Amino acid sequence: MADETLDASGLNCPLPILKTKKALSKMDVGKILDVISTDAGSVKDIEAFCNQTGNKLISTTEDSGKYIFTIEKV
Amino acid sequence: MTAKENNKMTIIATKGTFDWAFPPFIIASTGVAMDKEVTIFFTFYGLNLLLKDTSKLRVSPIGNPSMPMKLPFGPKWLQKIDFGPKLPNLFWQIPGTEWLATYLMKKTMAKHGVAKMEELRSMCQEFDVKFIACDMTVDLFGYDKADFIDGVEFAGAAMYFDEAASGDHHLYM
């Protein structure tokens, strides 16, 4: 179960990434953030973001155009 | 691999039209979000991107044949038509057409959930992107330093080199 949820629905690149960064910076290490996005480009982008920042992408799920990314702050 | 070891990035922003305001701010804000240390050096027309009042920024369809021009509203069939290649350059000489093209681009961006330029710019500042305005072109074009947003440093090309001394992302836009 996520500790925080960020709804980035309707937002386009690079806003989901910027808002994810902001949300994570307010959280403690080990906490879980769910990011909801409707931007298909964010699938690759969130993966790249986690790659570069060292945060852990636990899962990506898609449900009729809505993407949910579960990220653990590292 | 994380970017920690070599995390410096610089951008030279040279263009001052509304559309070209986006690439430097998008790349810079995303860069800092991904733990890079980013500096943007604004020179020549790029200085316009640092003004407090950005309402005068326009897109210029003149001599820009690659610019798609679709209506962001109206019936579906109408929205599909790309007016860009259909309208002769002469059309854009008519007063008010540049304003119209800018208005339509803003509408299209809002419809697609693209951030406003000012929003991206303030996010850059919030994430500590360093903004340097080229002192020489500020003088050359007679800008008043009071017209620029807070947090801008004024310096020359040598400072750019100091900023670009490390890292391997250095972009010219």
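Data block above holds the structure.
Here goes a summary of the coordinates provided.

Cut-offs applied
- Residues numbered from 1 in each chain as written.
- Chains lettered and ligands numbered in written order.
- Predicted model: local features only at pLDDT ≥ 70, side-chain atom pairs only at ≥ 80, totals over all residues.
- Heavy atoms only, no water.
- Core = buried A, V, L, I, M, F, W, Y, C linked by side-chain atoms within 4.5 Å.
- Buried < 20%, exposed > 50% of the residue type's maximum accessible area, 1.4 Å probe, protein only.
- Contact = heavy atoms within 4.5 Å.
- Phe/Tyr/Trp six-rings, centres within 6.5 Å; stacked < 30°, edge-to-face > 60°.
- Helix = DSSP H or I, 4+ residues; strand = E, 2+ residues; numbered from the N terminus.
- Lys NZ or Arg CZ within 6 Å of the ring centre and 35° of its normal.
- Polar contact = N/O pair within 3.5 Å; in protein donor to acceptor, adjacent residues only side chain to side chain.
- Buried area = accessible area lost by both parts, 1.4 Å probe.
- Salt bridge = Lys/Arg side-chain N within 4 Å of Asp/Glu carboxyl O.
- Nonpolar A, V, L, I, M, F, W, Y, C, P; charged D, E, K, R; others polar.
- Pairing = 2+ DSSP bridges.
- Right-handed = clockwise from strand over helix to strand, strands pointing away.
- Axes fitted to C-alpha atoms, helices over the stretch in contact; angles between N-to-C directions.
- Left-handed = near helix turned anticlockwise from the far one by under 90°.

## Here's the deal with the nonpolar core
All names here are of chain B. Membership of the largest hydrophobic core comes to 54 residues, with the highest contact counts inside it found for F25, I40, F42, L50, V129 and F131. Discounting chain neighbours no more than four positions away, the residues touching L50 are F42, R121, F131, A133, D147, F148, I149 and V152. Of all hydrophobic cores here, the second largest spans seven residues; its members include I12, I132, A155 and A164.

## Brief notes about the packing of aromatic side chains
Residue and element names in this part refer to chain B. Evaluated as defined, the whole model comprises 15 aromatic pairs over all chains. With centroids separated by 5.8 Å and ring planes inclined at 75°, the aromatic side chains of F44 and F141 adopt a geometry described as edge-to-face. Here F44 is found in the loop between β2 (37-42) and α2 (76-79), whereas its partner F141 is found in the loop between α5 (135-140) and β4 (152-155), with 97 residues between them in sequence. Linked through ring pairs, F44, Y45, F141, Y143, F148 and F154 together constitute an aromatic cluster. Above the face of the W20 ring, K15 is positioned so that its terminal group lies 5.1 Å from the ring centre.

## Structural notes on the environment of K111 of chain B
Residues and elements named next belong to chain B. With respect to the helices, strands and loops of the structure, K111 is situated in helix α3 (residues 97-111). Along the primary structure K111 and P72 are separated by 39 residues, whereas in three dimensions their C-alpha atoms are 7.4 Å apart. In terms of polar contacts, K111 uses its side chain to reach the backbone carbonyl oxygen of P72, at 3.4 Å. Of the polar contacts made by the side chain of K111, one reaches the side chain of Q79; its length is 2.9 Å.

## A closer look at the interface of chain A and chain B
Across the boundary between the two partners, chain A contributes 16 residues, which contact 20 residues of chain B. Taking both sides of the interface into account, the surface hidden between chain A and chain B amounts to around 1500 Å²; carbon and sulfur atoms contribute 62%. The largest contributions to the chain A side of the interface with chain B come from L18, K22 and Q52 of chain A, which together make up 37% of the buried area. Linking chain A with chain B are two salt bridges, by the criterion used here. Joining chain A to chain B, the criterion identifies five residue pairs in polar contact (both at pLDDT 80 or more). Listing elements by their share of the side of chain A that touches chain B, those giving two or more residues are α1 (15-25) and α2 (42-53) of chain A. With six residues, the top contributor of residues to the side of chain A that touches chain B is α1 of chain A. Among the residues forming the side of chain A that touches chain B, the class breakdown is seven nonpolar, six polar and three charged.

## Things to note about the pairing of strand β2 (residues 32-37) of chain A
Regular strands place their side chains on alternate faces of the sheet. Residues and elements named next belong to chain A. Of all the six residues making up β2, six are buried; the element is thus mostly covered by neighbouring parts of the structure. Where burial is concerned, the two faces of β2 agree: the one with I32, D34 and I36 and the one with L33, V35 and S37 are both buried. As judged from the five bridges shared by strand β1 (residues 4-8) and β2, these two strands associate in the parallel manner. Residue pairing in the sheet places D7 in a bridge with I36 of β2. In this fold, the crossover linking β1 to β2 by way of α1 has right-handed handedness.

## Some remarks on the packing of helix α1 (residues 22-33) of chain B against helix α4 (residues 117-126) of chain B
Residues and elements named next belong to chain B. With their axes 9 Å apart at the nearest point, α1 and α4 run at an angle of 35° to one another. Two packed elements cross with a definite hand, and for α1 against α4 that hand is left-handed. Across the interface between the two elements, F22, F25, I26, A28 and S29 from α1 touch M117, L120, R121 and C124 from α4.

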